[in-house]
Amino acid sequence: YGEFAVIAVAQAAYVVRQVYYVLLASLPSPWLVLPSELLHGLTFAAMWSASTSVAQRLSSPSTSSAVQTIVSGVHWGWGFGAGSALGGLVYDRWGA
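Procedures and definitions
- Residues numbered from 1 in each chain as written.
- Predicted model: local features only at pLDDT ≥ 70, side-chain atom pairs only at ≥ 80, totals over all residues.
- Heavy atoms only, no water.
- Helix = DSSP H or I, 4+ residues; strand = E, 2+ residues; numbered from the N terminus.
- Expected span 1.5 Å × (residues − 1).
- Bend = angle between axes of the 7 residues up to and from the residue.
- Buried < 20%, exposed > 50% of the residue type's maximum accessible area, 1.4 Å probe, protein only.
- Lys, Arg positive; Asp, Glu negative; His and termini not counted.
- Salt bridge = Lys/Arg side-chain N within 4 Å of Asp/Glu carboxyl O.
- Contact = heavy atoms within 4.5 Å.
- Phe/Tyr/Trp six-rings, centres within 6.5 Å; stacked < 30°, edge-to-face > 60°.

Caption draft 1: Local environment of helix H3 (residues 64-94). The end-to-end C-alpha separation of H3 is 43 Å, in line with the 45 Å expected for 31 residues at 1.5 Å each. The largest bend in H3 amounts to roughly 30° and is located at valine 74. Positive phi appears at glycine 95, one or two residues downstream of H3, with a value of about 80°.

Caption draft 2: Structural view of the side chain of arginine 17. Tracing the chain through its elements places arginine 17 in helix H1 (residues 3-24). Buried arginine 17, no salt bridge; nearest opposite-charge side chain is glutamate 37, N-O distance 5.3 Å. Ignoring any residue separated from it by four or fewer positions in sequence, one finds arginine 17 in contact with Ser36, Leu39, His40 and Thr43.

Caption draft 3: Examining the packing of aromatic side chains more closely. Tallying each qualifying case throughout the model produces four aromatic pairs. Taking the centre distance of 6.1 Å and the plane angle of 55° together, the rings of tryptophan 48 and tryptophan 76 count as tilted. Remark: tryptophan 76 occurs in helix H3 and tryptophan 48 occurs in helix H2 (residues 34-58); sequence separation between them is 28 residues. Exposure remark for tryptophan 76: the relative accessible area of 43% places this residue in the partly exposed category. Between the aromatic rings of tryptophan 76 and phenylalanine 80, the centroid separation amounts to 5.2 Å while the plane-to-plane angle is 25°, which identifies the pairing as stacked.

Quick look at the structure:
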């Protein structure tokens, strides 16, 4: 199916995980978070391997390391930074 199909399925599973997290507030046991965490492990591994594969395929041999560094920096740096900033705004506006 290719890397882009894997990325699309992983993103769809991410949406399912987030909806499940919202529903967890009404579930009786904290142990019910485990299925979502298992899904996280599978989707993160699929997403990361597909993303790095696309980056490798799109880059030349001389720029492969730089492109992999950019992919990593965007995910771990910009992604976490933007998520933290937006999460802070949501928390400030609506609370916990």
